[in-house]
Amino acid sequence: MKPRNILILCTGNSARSIIGEVLTSAMPGFKGYSAGSRPREEPHPIALAILEANGHDTSGLSSKSWDVFEGPDAPVMDMVITLCDNAASETCPTWPGHPVQVQWPLQDPLHVEEMAQRRAAFEDTYSSLKKRLQRLAALNFDELSPAELKAAAQDIHTKR
């Protein structure tokens, strides 16, 4: 069985979406990817530290443009999850395979100014995404129509 490809989007692709990529790839039967509309130069060090503290391998992670996932050689996505309102309001590329698209807007931990609170915000982001993605992994993708899958995935965010 081929893994379900999930693309996690955020504007900078340095924190939330990077965490989402790693968490998705850690789930059996799933492969996570991440990208941004205006990617930063590299993943945020606190995001990497939180992932490493939770036992995840962070080697090979990079911030990248969503353009790399729109070409003919790009992996075909089953779902695209947008984590921030900025990226959600931008004109997204046309994704090969017409994946289900949902929005799970989460507060950007980079906007927290106080350093101790910022780390806690990153930890909250990790925990929140992990719970949502575990619930997503429990859905039966094969038995749901695209519209049903979209509704079920969107409910995961709205009905926390």
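Everything numeric here is computed off the predicted structure, so don't read it as measured data.

Rules behind the numbers
- Residues numbered from 1 in each chain as written.
- Predicted model: local features only at pLDDT ≥ 70, side-chain atom pairs only at ≥ 80, totals over all residues.
- Heavy atoms only, no water.
- Salt bridge = Lys/Arg side-chain N within 4 Å of Asp/Glu carboxyl O.
- Helix = DSSP H or I, 4+ residues; strand = E, 2+ residues; numbered from the N terminus.
- Buried < 20%, exposed > 50% of the residue type's maximum accessible area, 1.4 Å probe, protein only.
- Contact = heavy atoms within 4.5 Å.
- Expected span 1.5 Å × (residues − 1).
- Polar contact = N/O pair within 3.5 Å; in protein donor to acceptor, adjacent residues only side chain to side chain.
- Axes fitted to C-alpha atoms, helices over the stretch in contact; angles between N-to-C directions.
- Parallel < 35°, antiparallel > 145°, perpendicular 65-115°, else oblique.
- Left-handed = near helix turned anticlockwise from the far one by under 90°.
- Pairing = 2+ DSSP bridges.
- Right-handed = clockwise from strand over helix to strand, strands pointing away.
- Phe/Tyr/Trp six-rings, centres within 6.5 Å; stacked < 30°, edge-to-face > 60°.

*Asks:* Tell me about the pattern of salt bridges, and please be specific about residues and values.
*Replies:* Scanning the entire structure with this criterion turns up 5 salt bridges. Between Arg16 and Asp108 there is a salt bridge; the shortest N-O distance is 3.4 Å. One end of the pair, Arg16, is in helix α1 (residues 16-25); the other, Asp108, is in the loop between β4 (100-103) and α4 (115-137), and 92 residues separate them in sequence. A relative accessible area of 7% means that Arg16 is categorised as buried. The exposure class of Asp108 is buried, given its relative accessible area of 12%. Here Lys64 ties to Glu21 by a salt bridge, and the two come within 3.6 Å at their closest N and O atoms. Residue Lys64 is found in the loop between α2 (45-53) and β3 (79-82), and its partner Glu21 is found in helix α1; the two are separated by 43 residues along the sequence.

*Asks:* Lay out the environment of Pro75 with the relevant residues and their values.
*Replies:* Along the polypeptide, Pro75 turns up in the loop between α2 and β3. The class of Pro75 is partly exposed, set by a relative accessible area of 26%. Ignoring any residue separated from it by four or fewer positions in sequence, one finds Pro75 in contact with Asn5, Tyr33 and Phe69.

*Asks:* Mind laying out α4, listing which residues take part and the relevant values?
*Replies:* Along an α-helix, residues three or four positions apart point the same way, because every turn accommodates 3.6 residues. For α4, built from 23 residues, the straight-helix expectation of 33 Å at 1.5 Å per residue is met to within 8% by its first-to-last C-alpha distance of 33 Å. Arg118, Ala121, Phe122, Thr125, Tyr126, Ser128, Leu129, Arg132, Leu133 and Leu136 are the residues of α4 that are buried. Those residues of α4 hidden inside the fold are in contact with β1 (4-9), α1, β2 (30-35), α2, β3 and α5 (146-158). N-capping of α4 is provided by Glu114, with a side-chain oxygen placed 3.0 Å from the backbone N of Ala116.

*Asks:* Describe the packing of α1 against α4, and please don't skip the residues or the numbers.
*Replies:* At a minimum axis distance of 10 Å, the contact between α1 and α4 shows a crossing angle of 40°. The orientation of α1 relative to α4 falls into the category oblique. For the crossing formed where α1 meets α4, the hand is right-handed. In this structure, α1 contributes Arg16, Ile19, Gly20, Leu23 and Thr24 to the contact, and α4 contributes Phe122, Thr125, Tyr126, Leu129, Lys130 and Leu133.

*Asks:* Explain the pairing of β2 to me, using residue names and the numbers behind them.
*Replies:* Here β2 lies mainly inside the structure; 5 of its 6 residues are buried. Summarising the sheet, β1 and β2 pair through 6 bridges and their orientation is parallel. Of the residues in β2, the one forming a bridge with Leu9 is Ala35. In this fold, β1 hands off to α1, which returns the chain to β2; that crossover is right-handed.

*Asks:* A description of the packing of aromatic side chains should follow, citing residues and the corresponding values.
*Replies:* Counting across every chain of the model gives 2 aromatic pairs. Summarising the aromatic geometry, the rings of Phe30 and Phe141 are spaced 5.7 Å apart at their centres and angled 70° between planes, so their arrangement reads as edge-to-face. Remark: Phe141 occurs in the loop between α4 and α5 and Phe30 occurs in strand β2; sequence separation between them is 111 residues. Its relative accessible area of 10% is what places Phe30 among the buried residues.

Note that all results are geometric; they support no functional claim without further evidence.
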